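Residue strings, one per chain:
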Amino acid sequence: MNSFDMEQLRSFVTAVDAGSLTAAAPLRCLSQSALSEQLRKLELRANQTLLLRSKSGVIPTAAGEKLLQHARHLLALADLAWRDLQGVTLNGEVRLGITDYCRPADMVTILARFARDYPHLRLRTMMGKSRDIENAWQQGEIDLAIVMRIPGIHPPVSNSRETLLLREHMMWVGNTPTSQHEPLPLALLPEGCSLHQLACHTLKQHQRSYLIRHIASGVRGLQTALVAGLGVACLNQSAIPAELQHRSESLGLPSLPLAEFVLLRGPEDSSETSKTCVAFGEILHSTLSGMT
DNA sequence: GACATTGGCATCGGCGTGGA
DNA sequence: TCCACGCCGATGCCAATGTC
């Protein structure tokens, strides 16, 4: 049989995200043994080993990584189809805040697709620094927020109103020559920016001298400064300008943690606005977590 | 270093359910 | 009624970690 069982795919994605079958089982409302069995059958169906099992959990194999991408898309599509069949039409207004580090090249396309798929939804978007977005969310000025969190700088996802959407590698990028003997020229966003803090903190920790040579007002400006050779910055993968993709990771600088993008939801109640926000939050989740 | 504990996954037998 | 299927709980195995 050369097709996939959606439940098995859902279990597979949950297991990869949770990092172990034991952690994934309760999320799927299954026992560990049932989940293990589902994944065994999925591997049988795929005729490939999809997960490497170890005492510390599971990680996807190369084939597993490949299937993971397809599985996320299939599940997002299935959810969309289900909502469509149930007649779930989104209307009303949703105020959405997005950090401008989150998929800057794709975000316009994503928002345009939402506008096309949900014509009755009035989407008010705000893009900016994670701290500003989160403050606005806490003040109730926006309904949903996508913010960036850096392990070690920010606390981990800790409550039911926060959902991890995706993780991205972070790299040092720049178009300027660097020398171990001279302070590293940095191009950064202002001090409140998480990546500003991360860059300075990491370099101090490794006793690497640096000099802040350029402060940009936004990610777009920072990208321009990097391409122009005004300095070096640490950026998440999707925010690295295309011109510099090939120049990352060759600067001999300390390694960086993964960046985490987290969806913040508002409190739920029985109002139409709340229902719309919940449904749109799910769509955002399935759309962005399906991207790699 | 030896042993105990912990925490991971795989396997097995039994049970409930739904379809032929 | 039988059978296939999916699930659960129990159990076993194994490696990492903690304790003495």
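Quick caveat: nothing in here was measured; it's all calculated off a predicted structure.

As for the packing of aromatic side chains
No. 1: By the definition in use, this model includes 1 aromatic pair.
No. 2: Residues Phe 114 and Phe 280 carry aromatic rings whose centres are separated by 5.0 Å and whose planes lie at 75° to one another, so their mutual orientation is edge-to-face. On the criterion of sequence distance, the pair formed by Phe 114 in helix α5 (residues 104–117) and Phe 280 in helix α9 (residues 272–289) is long-range, its members being 166 residues apart. In this structure, Phe 114 and Phe 280 share a single accessibility class: buried.

Considerations on the nonpolar core
No. 1: Judged by nonpolar contacts, the single largest core of 55 residues is most densely connected at Tyr 101 and Leu 195.
No. 2: A per-element tally of this core places α9 first, with 6 residues.
No. 3: For this core, the domains that each give at least three residues are domain 2 (89–168 + 260–289) and domain 3 (170–257).
No. 4: If sequence neighbours within four positions are ignored, Tyr 101 has contacts with Met 148, Leu 189, Cys 193, Leu 195, Val 219, Leu 222, Leu 235, Asn 236, Ser 238, Ala 239 and Phe 261.
No. 5: With 18 residues, the next largest nonpolar core counts Leu 9, Leu 39, Leu 51 and Val 58 among its residues.

Details of the pairing of strand β8 (residues 184–188)
No. 1: For β8, a buried count of 5 out of 5 residues is recorded, marking the element as mostly surrounded by other parts of the structure.
No. 2: Alternating positions in β8 separate into two faces, Leu 184, Leu 186 and Leu 188 on one and Pro 185 and Ala 187 on the other, with burial throughout.
No. 3: When β8 meets strand β9 (residues 210–215), the two strands line up parallel, connected through 5 bridges. Of the residues in β9, the one forming a bridge with Leu 186 is Ile 212.
No. 4: For the segment spanning β8, helix α7 (residues 194–205) and β9, crossover handedness is right-handed.

Structural notes on empty space enclosed by the protein
By rolling a water-sized probe across the atoms, one finds the places where empty space is left.
No. 1: In total, this model carries 2 cavities of 30 Å³ or more according to the counting rule given.
No. 2: When its volume is computed, the largest cavity comes out at roughly 60 Å³.
No. 3: When its residues are assigned to classes, the lining of the largest cavity shows 3 nonpolar, 4 polar and 2 charged.
No. 4: Here the second largest cavity is characterised by a volume of approximately 30 Å³.
No. 5: Contributing to the lining of the second largest cavity are Tyr 101, Ala 187, Leu 188, Leu 189, Cys 193, Leu 195, His 196, Leu 222, Ala 233 and Cys 234.
No. 6: Looking at the lining of the second largest cavity residue by residue, the class counts come to 9 nonpolar, 1 polar and no charged.

With respect to the UniProt feature "domain: HTH lysR-type" (unreviewed entry) in chain A
No. 1: UniProt records the feature "domain: HTH lysR-type" (unreviewed entry) for residues 4–61 in the present numbering.
No. 2: Summarising residues 4–61: 60% helix, 14% strand, and an end-to-end C-alpha distance of 18 Å.

What to know about the domain arrangement of chain A
No. 1: Domain annotation of chain A identifies domain 1 (6–84), domain 2 (89–168 + 260–289) and domain 3 (170–257).
No. 2: Between domain 1 and domain 2, the contact holds 5 residues from the first and 5 residues from the second.
No. 3: Buried surface at the junction of domain 1 and domain 2, both sides included, amounts to about 450 Å², of which 46% is carbon and sulfur.
No. 4: Counting the contacts that link domain 1 with domain 2 gives 0 residue pairs in polar contact (both at pLDDT 80 or more).
No. 5: For the side of domain 1 that touches domain 2, the class distribution of residues is 2 nonpolar, no polar and 3 charged.

Thoughts on the protein's contact with DNA strand C
No. 1: All residues in the neighbourhood of DNA strand C are listed as Cys 29, Leu 30, Ser 31, Ser 33, Ala 34, Gln 38, Lys 41 and Lys 55.
No. 2: Taking the atoms of DNA strand C that fall within 4 Å of the protein, sugar and phosphate contribute 64% of them.
No. 3: Between Gln 38 and DNA strand C, the recorded distance is 3.3 Å, taken from a side-chain N or O atom to a phosphate oxygen.
No. 4: The side chain of Lys 41 places a nitrogen or oxygen atom 2.9 Å from a phosphate oxygen of DNA strand C.
No. 5: When the residues that make up the surface near DNA strand C are grouped by side-chain class, the tally is 3 nonpolar, 3 polar and 2 charged.

Details of the protein's contact with DNA strand B
No. 1: The immediate surroundings of DNA strand B are formed by Ser 20, Leu 21, Thr 22, Gln 32, Ser 33, Ser 36, Arg 40, Arg 53, Ser 54, Lys 55, Gly 57 and Val 58.
No. 2: Those atoms of DNA strand B that come within 4 Å of the protein belong to sugar or phosphate at a rate of 66%.
No. 3: With respect to DNA strand B, the backbone of Leu 21 contributes an N or O atom lying 2.6 Å from a phosphate oxygen.
No. 4: One nitrogen or oxygen atom from the side chain of Ser 36 is found 2.7 Å from a phosphate oxygen belonging to DNA strand B.
No. 5: Of all the secondary structure elements, the ones that give two or more residues to the surface near DNA strand B are α2 (21–27), α3 (32–46), β1 (51–54) and β2 (57–60).
No. 6: Of the residues forming the surface near DNA strand B, the biggest block, 4 residues, is contributed by α3.
No. 7: Looking at the surface near DNA strand B, its residues break down into 2 nonpolar, 7 polar and 3 charged.

The rules behind each value
- Residues numbered from 1 in each chain as written.
- Chains lettered and ligands numbered in written order.
- Predicted model: local features only at pLDDT ≥ 70, side-chain atom pairs only at ≥ 80, totals over all residues.
- Heavy atoms only, no water.
- Phe/Tyr/Trp six-rings, centres within 6.5 Å; stacked < 30°, edge-to-face > 60°.
- Helix = DSSP H or I, 4+ residues; strand = E, 2+ residues; numbered from the N terminus.
- Buried < 20%, exposed > 50% of the residue type's maximum accessible area, 1.4 Å probe, protein only.
- Core = buried A, V, L, I, M, F, W, Y, C linked by side-chain atoms within 4.5 Å.
- Domains from an automatic or database assignment.
- Contact = heavy atoms within 4.5 Å.
- Pairing = 2+ DSSP bridges.
- Right-handed = clockwise from strand over helix to strand, strands pointing away.
- 1 Å grid on protein atoms, 1.4 Å probe; cavity = no way out; pocket = protein on both sides within 12 Å on 5 of 7 lines; lining within 4 Å.
- Points joined across faces, edges and corners; volume = space filled by probe spheres on them.
- Nonpolar A, V, L, I, M, F, W, Y, C, P; charged D, E, K, R; others polar.
- UniProt positions renumbered as here; feature names shortened; annotations may be inferred.
- Buried area = accessible area lost by both parts, 1.4 Å probe.
- Polar contact = N/O pair within 3.5 Å; in protein donor to acceptor, adjacent residues only side chain to side chain.
- Near = heavy atom within 4 Å.

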